[in-house]
Amino acid sequence: MVANCLFLPDGRLTPVKSAGFGHTVGENIFCAYVPAQVAASSEFVVEIMGNRHPVRHHTAPLYDPQGVTIRA
């Protein structure tokens, strides 16, 4: 998966920092920095090799078997 950029709801672009297939969760996943004022939105679109795809925004870990989100 080659992800170029994330389109924000307000029309701005932000670069995708890392992307790949998550074998544990069975989906493509990526990381991008999103400004705080639009972070709560769910209307993101990612461009992958020239094609645009809707994005599902996650605010919790995708996988945490018994780790219960890092114990401190």
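Residues numbered from 1 in each chain as written. Predicted model: local features only at pLDDT ≥ 70, side-chain atom pairs only at ≥ 80, totals over all residues. Heavy atoms only, no water.

What about the pairing of strand E2 (residues 13-22)?
For step 1, the next point in the chain: Here E2 pairs with strand E3 (residues 27-32) via six bridges, running antiparallel. Note that in E3 the partner of Gly-20 across the bridge is Ile-29.
For step 2, the next point in the chain: Connecting E2 to the antiparallel partner E3 that follows it, the hairpin turn spans four residues, and Gly-26 within it adopts a positive phi of roughly 70 degrees. (Pairing = 2+ DSSP bridges. Helix = DSSP H or I, 4+ residues; strand = E, 2+ residues; numbered from the N terminus.)

Description of the pattern of salt bridges
For step 1, the next point in the chain: All chains considered together, the criterion is met by two salt bridges.
For step 2, the next point in the chain: We note a salt bridge from Glu-27 to Arg-56, for which the minimum N-O separation is 2.4 Å. Of the two residues, Glu-27 is situated in strand E3 and Arg-56 in the segment after strand E5 (51-54); the sequence distance between them amounts to 29 residues.
For step 3, the next point in the chain: Given a relative accessible area of 28%, Glu-27 falls into the partly exposed group.
For step 4, the next point in the chain: Arg-56 sits in the exposed class, given a relative accessible area of 57%.
For step 5, the next point in the chain: Two residues, Glu-47 and Arg-52, come together in a salt bridge whose shortest N-O distance is 3.7 Å.
For step 6, the next point in the chain: What makes Glu-47 buried here is its relative accessible area of 17%.
For step 7, the next point in the chain: Take Arg-52: its relative accessible area is 53%, and that puts it in the exposed class. (Salt bridge = Lys/Arg side-chain N within 4 Å of Asp/Glu carboxyl O. Buried < 20%, exposed > 50% of the residue type's maximum accessible area, 1.4 Å probe, protein only.)

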